[in-house]
Structure formats: C-alpha cells, structure tokens
Amino acid sequence: AQSVTQPDIHITVSEGASLELRCNYSYGATPYLFWYVQSPGQGLQLLLKYFSGDTLVQGIKGFEAEFKRSQSSFNLRKPSVHWSDAAEYFCAVGAPGNAGNMLTFGGGTRLMVKP
Amino acid sequence: DVKVTQSSRYLVKRTGEKVFLECVQDMDHENMFWYRQDPGLGLRLIYFSYDVKMKEKGDIPEGYSVSREKKERFSLILESASTNQTSMYLCASSLVDSADTQYFGPGTRLTVL
C-alpha cells in the first residue's frame, strides 16, 4: 500500500522569501503525485500533478514541484511567497491503473506568511 | 468550472442521531468520494463510488454508510453519531482515470455533542 509523509507540520516564511514544502512517498513503482492547497474555510484545490514525462512540473499560482525517484520525493517550491499563499498544503499519491482513482494523502503542512 | 456542493457547511448533532451529509457534482463524473479531515492526519478516505449504486470501502468505513442513487449525488450516512465522528467531512468527484484530478467541495464541519 502507498503512503505519504509530510515531515513539516508548520512552516513560517517571510513574504517574498522562497518556499519549499517536503513530501516523501512510499510506493513500489512510479506513482501519480499531486499537490493540493486548502485556504481557510475552503475545499482543496489542485496546484499541480505528476503522472509521467518531465520530472519538473509547473502548477498554478507560481508553484512548481520536482519528482525525484531516487529520493521518493515530490517537493513543492515557490521562488517568492505572497501573503495570500498562507494555507494548508497536502501532498497525495495515487497508483496508476487502480480502480476508482483512490488517493492517499499526507498529514498536511500549514504555511504561515510573515509580513 | 467543476462544482461540488455539500448540503451544509456546519452541522451540530447529538450522540445517537442519524446524520445525512449530501454531496452533489455537476460535471457528470463517474467517481465520487467521502473523506474525513482531522488535524495532523490529513484526509482519510471513508468510502468511494465509481458508478450509481456501486461503492467501495476506503480506509476508515466503520460507523459510516453511503448511498448513490443518482450519478450526481453521493450521500454519507452516520447511522448513530458518536463524539469521535466530530470532524470535517469533504466530498470529491473525478473522472474515472487514476491520473484525473479530484475536485473537492467546501466541506461540512460536523460536531457531535
């Protein structure tokens, strides 16, 4: 069975600083990988996903993530954080070809942005 | 735009009550999901459905049941609510392929007293 670990429960960065959120997964083959963001009081919104091809994936709101098979990681990055990026971020893994498109989510990382 | 709506944003129920949470999607998606979200645990799958009247258990189905009588609607039922079911409940829908995006509703925060 697949699993996802987000080692950082909380992260605080200053506005304008760079950001990296860590995600490590466990799966026997190349998985499908997703990053979602949840703003306060909202549902989850997809930022980006990886399922094949180029290991550097561009998403919405200026985010990108890099799939590193050797490290079983899919870290999310942004070069310059804005105050509106304060939210909770979830990494998720899916198994290619599985019935029903089930995802396994990490525990989430809450991002706070200092002015 | 895909829209997933949930019947209530906030719900307060008493222990032992039967609770219905409803979810409707407007994009003709085959798959629908119910998750619960708890701090530090992320999202955990309760049940999913891949077609009308079809359902599969997720990771934490105990104490819950589901119903899908129409393609666009997926209901989560707590037969006898307990305090440990106090949580945020999120509904999602997607197309059938495992690479497809899941689209989420805004969530229902359920408190069981």
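Located above this text is the structure these notes cover.
Please read all numbers here as calculations on a predicted model, not as lab measurements.

Student: It is not clear to me how the sheet that holds strand 7 (residues 65-70) of chain B should be interpreted in this structure. Could you clarify?
Tutor: Note: strands within a sheet are paired through backbone hydrogen bonds, in either parallel or antiparallel orientation. Residue and element names in this part refer to chain B. A sheet is described by the order of its strands in space; here four strands give the open sequence 1-3-8-7, paired in antiparallel fashion. Strands at the two margins of the open sheet, each flanked by one partner only, are strand 1 (4-6) and strand 7. The average undirected angle you get between the axes of adjacent strands in this sheet is 20°. Examined bridge by bridge, strand 7 and strand 8 (residues 73-78) share four bridges and lie antiparallel to one another. Within the sheet, the bridge partner assigned to Lys70 lies in strand 8 and is Arg73.

Student: Got a minute to help me understand the interface of chain B and chain A in this structure?
Tutor: For interface size, the figure often reported is the accessible area lost on association. In this complex, chain B contributes 24 residues to the contact, which on the side of chain A involves 25 residues. When chain B packs against chain A, close to 1,800 Å² is buried across both sides, 52% of that on carbon and sulfur atoms. On the surface where chain B and chain A come into contact, there are four residue pairs in polar contact (both at pLDDT 80 or more). Those elements that place two or more of their residues in the side of chain B that touches chain A are strand 4 (31-38), strand 5 (42-51) and strand 9 (87-94) of chain B. Class assignment for the residues of the side of chain B that touches chain A results in twelve nonpolar, nine polar and three charged.

Student: Teacher, can you tell me more about the state of the cysteines here?
Tutor: Linking two cysteines covalently via their sulfur atoms produces the bond known as a disulfide. Residue and element names in this part refer to chain A. Applying the stated criterion to the full structure yields two disulfides over all chains. There is a disulfide in this structure between Cys23 and Cys91, and the S-S distance comes to 2.0 Å. Residues Cys23 and Cys91 are joined through a disulfide that is left-handed, its torsion about the S-S bond being -65°. One end of the pair, Cys23, is in the loop between strand 3 (19-21) and strand 4 (24-26); the other, Cys91, is in strand 10 (residues 87-94), with 68 residues separating them in the sequence.

Student: For this particular structure, what's the right way to read the packing of aromatic side chains?
Tutor: Counting across every chain of the model gives 14 aromatic pairs over all chains. A ring pair is formed by Phe34 of chain A and Tyr36 of chain A, whose centres lie 6.4 Å apart and whose planes are at 25°; its orientation type is stacked. Across this residue pair, the class does not change: Phe34 of chain A and Tyr36 of chain A are buried. For the ring pair Phe63 of chain A and Tyr89 of chain A, a centre distance of 5.7 Å and an interplane angle of 50° mean the geometry is tilted. Placement of Phe63 of chain A in the loop between strand 7 (56-58) and strand 8 (64-68) and of Tyr89 of chain A in strand 10 is noted, with a sequence separation of 26 residues between them. Joined through ring pairs, the aromatic side chains of Phe34, Tyr36 and Phe105 of chain A together with Phe33, Tyr35, Phe48, Tyr50 and Phe104 of chain B make up one cluster.

Here is what the cut-offs are and how they apply
- Per chain, residue numbering runs from 1 following the sequence as it is written.
- Each chain gets a letter, beginning with A, and each ligand a number, beginning with 1, in the order they are written.
- Confidence filtering applies because this is a predicted model: local features only for residues at pLDDT of at least 70, side-chain atom pairs given and counted only at 80 or more, and all residues used for totals across whole chains, interfaces and linings.
- Side-chain figures throughout are based on the complete set of non-hydrogen atoms in the structure, without hydrogens or water.
- Any two strands with at least two DSSP-identified bridges between them are counted as paired.
- Secondary structure elements follow DSSP: runs of H or I of four or more residues count as helices, runs of E of two or more count as strands, with numbering from the N terminus.
- The axes are straight lines fitted to the C-alpha atoms, using for helices just the contacting stretch, and the angles between their N-to-C directions are given from 0 to 180°.
- The contact criterion used is simple: two residues touch if any of their non-hydrogen atoms lie within 4.5 Å.
- Accessible area, probed at 1.4 Å, shrinks when two parts are joined; the buried area is that loss added up over both.
- Within 3.5 Å is the distance limit for a polar contact, defined as a pair of N or O atoms, with the added protein rule that one can donate a hydrogen and the other accept it, and that residues adjacent in sequence qualify only through two side-chain atoms.
- Ten residues, namely Ala, Val, Leu, Ile, Met, Phe, Trp, Tyr, Cys and Pro, are considered nonpolar, four, namely Asp, Glu, Lys and Arg, are considered charged, and the remaining ones, Gly among them, are considered polar.
- Any two cysteine sulfur atoms within 2.5 Å of one another count as a disulfide.
- Pairing of aromatic side chains requires ring centres within 6.5 Å, counting the rings of Phe and Tyr and the six-membered ring of Trp. Pairs whose planes differ by under 30 degrees are stacked, by over 60 edge-to-face, and all others tilted.
- Only protein chains enter the calculation, and the probe is 1.4 Å; a residue is then buried if its accessible area is under 20% of its type maximum, exposed if over 50%, and partly exposed in between.

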